[in-house]
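Structural overview for review
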Amino acid sequence: MSEPMTDAESGRPLPMTVPVAGLPERVTIYEVGPRDGLQNEQVVVPVEVKAEFVRRLAGAGLPIVEATSFVHPRWVPQLADAAELMTLLTDELGDAARRMPVLVPNERGLDRALELDLQHIAIFGSATETFARKNLNRGLDDQLAMFEPTVARAREAGMDVRAYVSMCFGDPWEGAVPLEQVVAVGTRLLDLGASQLSLGDTIGVGTAGQVQALVRAFEEAGVGTDRLAMHFHDTYGQALANTLAALQVGITTFDASAGGLGGCPYAHSATGNLATEDLVWMLSGLGIEHGVDLDAVVATSTWMAGHLGRPSPSAVVRALGSSG
Ligand code: HMG
Ligand code: MG
């Protein structure tokens, strides 16, 4: 316990590292700020600023940065510049940018990603009928019919495919969502050929026991924790508690958004994602490796908050502050 509580160089506060037995040694943080974060902002951020955001996040050691969405530009105008952004990034970063995941709902989106030689897409299904209709203009079965040829062609082209399933812990229109329903949709998405399934608490209503029950339900259905990721929104302040609960049952990939930006324009009760900085602080405190430079992410979020014209909702960003 003789560890300093401040960084020797910067003098900024550090979390005390006290490991807890039984947790993973290492975690992968899947950064969604440029996509989930910026899709929900009132202002449309200029493409050069988006590119700088992505570059700074990758430079801060985030191993995966989901960069944008190839969805219908009228549905998400904030990300209508997806092709322009990915061209800027690939010109500068080459294959590192081509490996950055982009959201793709259908074959039209896939074609747009293929034109730029991108290598990693993420499809996004819903566990509920209502949200599938609101977000994808399709019912539960029809969303799968849309994804099936998309994933097949992506796999043929050698792409990696991640799948999200939204509304895993509750839905603003349908209320409680049965575990079996989430597992049924999730396993069908994996069976299409996705390598990883990210379980979305789209509106942030989930609680810790629910998280562990859902992971167990997937394990009982033959889906191990190595194929699962968690995607928490922090609407009710439960994201870190839910992360700890997920770590306890062996999850090692967590989605997070720099500065706690995020939300879904088609689920208005969705607010920001789990903030990358809050996650990094907790993981460092638990002695879990993550490879991310906290100061660099805080500076990036502070800089981005200036562009968005509002302070970051992340508690750690607020506590540490930075001139960016
Ligand atoms: P639709 O209107 O049913 O589309 O929208 P369609 O298939 O009938 O096609 C209509 C026209 O749109 C056609 O053009 C298509 O080419 C064009 P036309 O022939 O009439 O000239 N089109 C496209 N153009 C560009 N890119 C495309 C595309 N697709 C069709 N990809 C669609 C269906 C899925 C496209 C629409 O509903 C959509 O774009 N939805 C996206 C909504 C969205 O992005 N939501 C936020 C992301 S999900 C989320 O945030 C949750 C998550 O974070 C996890 C969690 O928190 O739970 C992932
Ligand atoms: Mg989300």
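The preceding data block contains the structure.
Now for a look at the structure at hand. (Residues numbered from 1 in each chain as written. Chains lettered and ligands numbered in written order. Predicted model: local features only at pLDDT ≥ 70, side-chain atom pairs only at ≥ 80, totals over all residues. Heavy atoms only, no water.)

**Considering the overall build of the protein**
Heads up, the rule is: Each helix corresponds to a stretch of at least 4 residues labelled H or I by DSSP, and each strand to a stretch of at least 2 residues labelled E; elements are numbered beginning at the N terminus. Radius of gyration here is computed from C-alpha atoms only, and the compact-globule reference equals 2.2 Å multiplied by the residue count raised to the power 0.38. Relative accessibility under 20% of the residue-type maximum defines a buried residue, over 50% an exposed one, and the middle range a partly exposed one, all with a 1.4 Å probe and only protein chains included. Residue-level accessible areas treat just the shown protein chains as cover; the underlying method is Shrake-Rupley with a 1.4 Å probe. Under the counting rule used here, the positive set is Lys and Arg, the negative set is Asp and Glu, and His together with the chain ends is not counted. In plain terms, the charge of a residue is placed at NZ if it is Lys, CZ if Arg, CG if Asp and CD if Glu.
Each helix and strand counted, the protein has 13 helices and nine strands in total. Its C-alpha atoms give the protein a radius of gyration of 19 Å, within 12% of the compact-globule value 20 Å for 324 residues. Its C-alpha atoms give the protein principal-axis dimensions of about 55 × 45 × 35 Å. For the protein, the residues scored as buried account for 54% of the 324 residues in total. As displayed, the protein offers around 12900 Å² of accessible surface, 50% of which is attributable to carbon and sulfur atoms. Positive and negative charge centroids in the protein, built from 22 and 40 side chains respectively, lie 5 Å apart.

**Side note on the site of ligand 1**
Under the convention used in this document: Residues are labelled near a given molecule or strand when at least one of their non-hydrogen atoms is within 4 Å of it. Counting of polar contacts relies on pairs of N or O atoms within 3.5 Å, with two restrictions inside protein: one atom must be capable of donating a hydrogen and the other of accepting it, and residues adjacent in sequence are counted only when both atoms are side-chain atoms. The classification used treats Ala, Val, Leu, Ile, Met, Phe, Trp, Tyr, Cys and Pro as nonpolar, Asp, Glu, Lys and Arg as charged, and all other residues, Gly among them, as polar.
As a matter of local geometry, ligand 1 sits amid 27 residues, with Gln 39, Asn 106, Asn 135, Ser 166 and Thr 202 nearest to it. The contact in question runs from a nitrogen atom of ligand 1 to an N or O atom on the side chain of Asn 135, over 2.8 Å. When ligand 1 sits alone it has 1100 Å² of accessible area, and the protein chains cover 76% of it. Looking at which element gives the most residues to the shell around ligand 1, the answer is helix α5 (residues 107-115), with three residues. Residue composition of the shell around ligand 1, by class: eleven nonpolar, eleven polar and five charged.

**Some points on the side chain of Thr 202**
Among the structural elements, Thr 202 can be located in the loop between β7 (196-201) and α9 (208-220). For Thr 202, a relative accessible area of 6% puts it in the buried group. In terms of polar contacts, Thr 202 uses its side chain to reach the backbone amide nitrogen of Met 167, at 2.8 Å.

**What about the state of the cysteines?**
How we decide: Counting rule for disulfides: a pair of cysteine sulfur atoms within 2.5 Å.
All told, the structure shown has zero disulfides when counted by the stated rule. Cys 168 takes part in no disulfide bond, and the closest cysteine sulfur to it belongs to Cys 264, at a distance of 13 Å. A residue is classified by how much of its surface remains accessible, and Cys 168, at 2% relative accessible area, is buried.

**Looking at unusual backbone geometry**
Here Asp 117, not a glycine, exhibits a phi torsion of approximately 65°, which is positive. Tracing the sequence through the fold places Asp 117 in the loop between α5 and β5 (120-126). One non-glycine residue, Asn 137, lies in the positive phi region at around 60°. Mapped onto the secondary structure, Asn 137 falls in the loop between α6 (129-136) and α7 (140-156).

**Quick look at the sheet that holds strand β9 (residues 253-256)**
For clarity, the cut-off: Two strands are counted as paired when DSSP detects at least two bridges linking them. Two residues qualify as a contact provided that any one of their heavy atoms is within 4.5 Å of a heavy atom in the partner residue. Interaxial angles span 0 to 180 degrees and are taken between N-to-C directions of axes, which are lines fitted to C-alpha atoms, for helices over the stretch in contact.
Taken in spatial order, the nine strands line up as β2-β1-β9-β8-β7-β6-β5-β4-β3 in an open sheet, and their pairing is parallel. Each of the sheet's edge strands pairs with one partner strand only, and the pair in question is β2 (64-65) and β3 (68-69). In this structure, β3 lies alongside strand β4 (residues 102-103), joined through two bridges in parallel fashion. Residue pairing for β4: Thr 68 is matched across the bridge by Val 102. The strands touched by α6 within the sheet are β5 and β6 (160-166), with β5 carrying the most contacts at an inclination of about 130°. The strands touched by α7 within the sheet are β5 and β6, with β5 carrying the most contacts at an inclination of about 170°.

**Concerning the packing of α6 against α7**
Convention followed: Between 65 and 115 degrees an angle is taken as roughly perpendicular, under 35 as roughly parallel, over 145 as roughly antiparallel, and anywhere else as oblique.
One can describe the packing of α6 onto α7 by two numbers: an axis separation of 8 Å at closest approach and a directional angle of 50°. What the angle tells us is that α6 and α7 run oblique. Together, Glu 129, Ala 132 and Leu 136 of α6 and Leu 140, Gln 143, Met 146 and Phe 147 of α7 make up the contact between the two elements. Considered class by class, the residues forming the contact of α6 with α7 number five nonpolar, one polar and one charged.

**What to know about helix α2 (residues 47-59)**
What sets the pattern is the α-helix's 3.6 residues per turn: residues three or four places apart point alike. Under the convention used in this document: An expected span of 1.5 Å times one less than the residue number is assigned to each helix.
With 13 residues, α2 ought to run about 18 Å at 1.5 Å a step, and its terminal C-alpha atoms sit 18 Å apart, in line with that. Turning to α2, its buried residues number three or more, namely Val 47, Val 49, Lys 50, Ala 51, Phe 53, Val 54 and Leu 57. Each element contacted by the buried residues of α2 is listed here: β1 (28-31), α1 (33-37), β2, α3 (82-93) and α12 (294-308). Residue Gly 61 follows α2 closely and has a positive phi angle near 95°.

**Observations concerning the environment of Ile 64**
With respect to the element layout, Ile 64 can be found in strand β2. In this structure, the C-alpha to C-alpha distance between Ile 64 and Tyr 30, residues 34 residues apart in sequence, is 5.1 Å. If sequence neighbours within four positions are ignored, Ile 64 has contacts with Thr 28, Ile 29, Tyr 30, Glu 31 and Pro 101.

**Points about the packing of helix α10 (residues 239-248) against helix α11 (residues 276-285)**
Operational definition: Left-handed describes a crossing whose near helix is turned anticlockwise from the far helix by less than a right angle; the clockwise case is right-handed.
Where α10 meets α11, the closest approach of the two axes is 11 Å, and the angle between their N-to-C directions is 45°. One finds that α10 runs oblique with respect to α11. Both α10 and α11 take part in a crossing whose hand is right-handed. Along its contact with α10, which presents Leu 240, Thr 243, Leu 244 and Leu 247, the element α11 presents Asp 278, Leu 279, Met 282 and Leu 283. Its residues assigned to classes, the contact of α10 with α11 shows six nonpolar, one polar and one charged.

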